[in-house]
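Examining the three-dimensional arrangement
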Amino acid sequence: MIIVNLDVVLAKRKMSVTELSERVGITMANISILKNGHAKAIRFTTLEAICEVLECQPGDILEYRPEKP
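Below is a short write-up of the structure. A quick note: this is a predicted structure, and the numbers were derived from the prediction, not measured.

Concerning the side chain of Asn5
- Relative to the helices and strands, Asn5 resides in the loop between strand S1 (2-4) and helix H1 (6-13).
- When its relative accessible area of 17% is taken as the criterion, Asn5 is described as buried.
- Beyond its immediate stretch of four places on either side in the chain, Asn5 contacts Asp60, Ile61 and Glu63.

Structural data, given as structure tokens:
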């Protein structure tokens, strides 16, 4: 199971979803889909842009947790 910690990173950077979407160049709707864990995929270019703006590593945003049987 992949957990998206984008909201945590945004809070640490004191940045809003609106500001991130403007600086990355993707819609607020797509940022929200990613932030809420509803995204089926993310392009590396998008992930790179988010990491650049937030000055973080992909592992700060995405976390793997094994599902319990």
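Overview of the environment of Tyr64
- The residue Tyr64 is located in strand S2 (residues 62-64) in this model.
- The sequence separation of Tyr64 and Ile3 amounts to 61 residues, and the corresponding C-alpha distance is 6.2 Å.
- Contact partners of Tyr64, with chain neighbours within four places excluded, come to Met1 and Ile2.

Section: unusual backbone geometry
- The backbone phi angle of Lys14 is positive, close to 55°, even though this residue is not glycine.
- Residue placement: Lys14 occurs in the loop between H1 and helix H2 (17-24).
- Judged by its relative accessible area of 76%, Lys14 is exposed.
- Even without a glycine there, the phi angle at Glu55 is positive, about 50°.
- Mapping Glu55 onto the fold places it in the loop between helix H4 (44-54) and helix H5 (58-61).
- Accessibility expressed as a relative area gives 68% for Glu55, which makes it exposed.

Parameters and conventions
- Residues numbered from 1 in each chain as written.
- Predicted model: local features only at pLDDT ≥ 70, side-chain atom pairs only at ≥ 80, totals over all residues.
- Heavy atoms only, no water.
- Helix = DSSP H or I, 4+ residues; strand = E, 2+ residues; numbered from the N terminus.
- Buried < 20%, exposed > 50% of the residue type's maximum accessible area, 1.4 Å probe, protein only.
- Contact = heavy atoms within 4.5 Å.

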